[in-house]
Every structure is written in C-alpha cells, then in structure tokens.
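Below, each chain spelled out in residue letters.
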Amino acid sequence: MDLAYTPDEEEFRARLREWLAKALPTLPPKPSPEDWPGRRAHDLGWQRMLHDAGYGEVHWDASPTLRLIFLEETEKAGAPYVGAGFVGLLHAGPTIAAEGTDEQRARWLPPILRGEEVWCQGFSEPDAGSDLAALRTRARRDGDDYVVSGSKIWTSHAEVADWCELLVRTDPDAPKHRGISWLAMPMDTPGITVRPLKTLAGTTEFAEMFLDEVRVPVANRVGEENDGWRVTMVTLSFERGTAFVGEVVACRRVLRELAAEARGNGRWGDPVLRRRLGRLNAEFRALWRLTQWNVSEAEATGGIPGIGGSVFKLRYSHARQELFDAAAEVLGPASLDLDRPWMPERLSSLSYTIAAGTSQIQRNIVGERILGLPKER
C-alpha cells in the first residue's frame, strides 16, 4: 500500500527539497554530545531556520501527510534531528495544540516553533516502573497554585529545559487512572533539583528530578483536573505514532550502508548474514507502509494518531535492536569500538523496548484495544 499524494503535497515536497539543499550547507558544525548548552543552541538555531522559512509549524498546523513528508525529506537530506526540541515539538506542543485553551496555545506554542524554549518530559517515576498510572508525585491545590512534591526519572532534556510537561496525582483517593493531571511547570521555579543521568553511550540527555513543594499555577493545567490520563494518551499517541517517522527513514539508510560495508569487508559471503539483512529490509519496508497507514487514519480522524501507533512502536523497537545487532555482526571484532559507525546507536537501541511505553505495555494495548481481549485483572 502506498499513500497517494496530492499535487499540492508533491509541490510541498519539491519546495522543501529545494530549500534544504540551500539551507543545510550554511549550518555551523554540530557540538559534541557532552556539550548540552551548545547542543541546545544548535538545535534551537535549526528550528529558527525552519520557522523563518515557513516550516516551523508543520508539526501541528499541517496535515498528518505533510508532517510525514517533512520528516521523511529532512531525514533523507541529512538535516539535524530535533534534538533538544524533541519534547516540545513532538510531545508537549502537539498535546497543547490539541487539548490546550486559546490562551495556553498562544503562550506556549509560538516560542517552541520559533526555537526559543525547550521542554522536558516529567512522566516516569522510580517506583512506578512501566505502570505510568501508578505515579505518586502529589499536587495539592492551594488557591491558584498546585504545590507539587515527588520525583521523576528519565526526564528528557531536563538540564537545558525551560518547561516540563509534568504528570501529577491531584486526587490520591481516586482510581489510579482518574486522579492524574497534566501540568506545564516552569523549570526555574524554586524547589526543583535536576541531576543528570549518564547513559551507556556516555551522554546525559536524561536526568532525575526532585520536586520539593514546587508551586505551579492552576492556569498551567492542560485539560480538566483529574483528566490528565486522557490528555496523556494524546501525548503518547504522538510519541508512538509520528515521532519515530524520521528514525524509520534513517534505519533504512543504515541498512543500505551495512550491505555496502559487508560487501567491502568480505562479510557479504555469509549467506546467514545476507538473509538477515534481507529480512530486515522487508521489516522496515513494512514499517514504512504501516507508518503511511497510520497517517492515513490520522487524516480521517482529526489529526491525532490512533492506537495503531502501538503496533508500530512495538515492532519498530525490536526491529531497531535487531538492525544494530546486525551492524555488530557486519563489523565483527571492530564492533567493540564505540567510535565505529553504528555502535553508539546499538547501545541506545537497547532503550527502545522501554522508552515511550514498554513492549509489554504495547502488547496489552494491542490485545485489549485492537483485538478486544479481556483486560488484565
């Protein structure tokens, strides 16, 4: 199945390709992975370029198909990844666009689109495991503020963020899915402590965050009080449905590079390896078709990705791990050198069956909401 593109969509693709060909050679060098202030400046600078060229709002004000074209073409052209802008552009921003008030959209969306503010994600907690609804960070109402105490972990980009999309428990006596609220928390508020966490690859894009009587205005709540779980499902639908589009394109490119490397170093003569690469080629072609199907569904249902994103995320997570395991097989003993191509990505791929909802959670969603199986007791 191929997504049928309209003449206007193909014109958008051609115009974008032409602009990328002119803009990318003007970019400054990318900072080192450890230089987060430099990475923030670099990533926001790229977003400003996109905004000034008329592509800044493609994540929200464009149709799902135009978003797909944009992500596909920027990845093919080797454009910078959203980087520090990931949470704002692909999580919090689309959620606020879909669920926020007019005042909230006017306050938070333009700075994200102009590359002026960075958001981080305050969802996961140390004691909640993969059961996000079991979160225990409390938010007590005090006049026009919530007073928030608790802790978060795997808080993406917290050390360079201006805002945090924060899940809190506003009714501890309600069933766990019904007592949650979604807040936008300024990261310069007193009472916030951020401690960066180093990954296997040596980078610190995650952090643990401690909240001690942090006051967040009630006006910063997106959605109704205690309706945060539903709002969170909107956030996660974007994370699982469209945020990985560019990565699928990148994985298909890596697969071609692996085949070329295997031909050059003599590994291509191994029929087992050739069969493995061939199966992965079919896998990623199928994932691209599934992406197109999910985009077609989103076009028909108001622009928000559906639960088909869980099918995609489940299979993509494992396919990505298999791809970079195959890369290690192609490189042989050289795969022990983290400076070799694809090896840092191999380490990061280990997190994909946990990030954005574990594979076990995705199987539950597929079983209950798609296959109609009984819910676990």
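Scoring rules and cut-offs
- Each chain has its residues counted from 1, running along the sequence as written.
- The predicted origin of the model limits local features to residues at a pLDDT of at least 70 and limits the giving and counting of side-chain atom pairs to 80 or more, whereas totals for whole chains, interfaces and linings rest on all residues.
- Each side-chain value is worked out from all heavy atoms of the structure, with water and hydrogens disregarded.
- A carboxyl oxygen of Asp or Glu within 4 Å of a side-chain nitrogen of Lys or Arg is what we treat as a salt bridge.
- Runs of H or I in DSSP of at least four residues are treated as helices and runs of E of at least two as strands, each being numbered from the N terminus.
- Only protein chains enter the accessibility calculation, which uses a 1.4 Å probe. A residue is then buried if its area is under 20% of the maximum for its type, exposed if over 50%, and partly exposed in between.
- Whether two residues are in contact is decided by their heavy atoms, any of which lying within 4.5 Å being enough.
- Axes, fitted as lines to C-alpha atoms, cover a helix only where it is in contact. Angles between the N-to-C directions of the axes lie from 0 to 180 degrees.
- These descriptions rest on fixed angle ranges, namely under 35 degrees for roughly parallel, over 145 for roughly antiparallel, 65 to 115 for roughly perpendicular, and the rest for oblique.
- Crossings are sorted by hand: turned counterclockwise from the far helix by less than a right angle, the near helix makes the crossing left-handed, and turned clockwise it makes it right-handed.
- Definition of nonpolar core: a set of buried residues of the types Ala, Val, Leu, Ile, Met, Phe, Trp, Tyr and Cys, connected through side-chain atoms within 4.5 Å.

Q: Looking at this model, I keep getting lost on the pattern of salt bridges. Mind explaining?
A: Any two side chains of opposite charge can pair, on the condition that their charged atoms come close. In the structure shown here, the tally under the stated rule is 30 salt bridges. For the salt bridge of Arg-105 with Asp-102, the shortest nitrogen-to-oxygen distance reads 2.4 Å. Remark: Asp-102 and Arg-105 occur in helix 5 (residues 102-113); sequence separation between them is three residues, near one turn of the helix. Looking at Asp-102, the relative accessible area reads 56%, which means it is exposed. Look at the salt bridges and you will find they share partners, linking Glu-10, Arg-13, Arg-17, Glu-72, Glu-73 and Lys-76 into a network.

Q: Looking at this structure, how should I read the environment of Trp-36?
A: The residue Trp-36 is located in helix 2 (residues 36-52) in this model. By relative accessible area, which is 4% here, Trp-36 ends up buried. Along the primary structure Trp-36 and Glu-159 are separated by 123 residues, whereas in three dimensions their C-alpha atoms are 8.2 Å apart. Apart from residues no more than four positions distant in its own chain, Trp-36 is found in contact with Ala-84, His-157, Glu-159, Val-160, Thr-204 and Glu-205.

Q: I'm lost on the side chain of Glu-283 in this one. Help?
A: Here Glu-283 lies in helix 8 (residues 271-300). The exposure class of Glu-283 is buried, given its relative accessible area of 17%. When sequence neighbours within four positions are dropped, the list of residues in contact with Glu-283 reads Arg-315 and Ala-319.

Q: Just to check I follow, could you spell out the packing of helix 1 (residues 7-23) against helix 2 for this structure?
A: A pair of packed helices is characterised by two quantities: the angle between their axes and the separation of those axes. One can describe the packing of helix 1 onto helix 2 by two numbers: an axis separation of 12 Å at closest approach and a directional angle of 135°. Judged on the interaxial angle alone, helix 2 and helix 1 are oblique. Note that helix 1 runs across helix 2; the crossing there is right-handed. Residues Trp-19, Leu-20 and Ala-23 of helix 1 touch helix 2, and the partners they reach there are Trp-46, Met-49 and Leu-50.

Q: So what exactly am I meant to see when it comes to the nonpolar core here?
A: The nonpolar side chains of soluble globular proteins are, as a tendency, buried together. In terms of nonpolar packing, the biggest core is built from 43 residues, with Trp-19, Phe-70, Leu-258, Phe-284, Tyr-316, Leu-323 and Trp-342 touching the most fellow members. Every element with two or more residues in this core is listed here: helix 1, helix 2, helix 3 (64-76), helix 7 (245-265), helix 8 and helix 9 (308-331). No other element matches the ten residues that helix 9 contributes to this core. Leave out the neighbours within four places in its chain, and Phe-70 touches Phe-12, Leu-16, Leu-50, Tyr-55, Val-58 and His-59. Core analysis: the next-biggest nonpolar cluster, separate from the first, contains 26 residues, Ile-112, Trp-182, Ala-184 and Val-231 among them.

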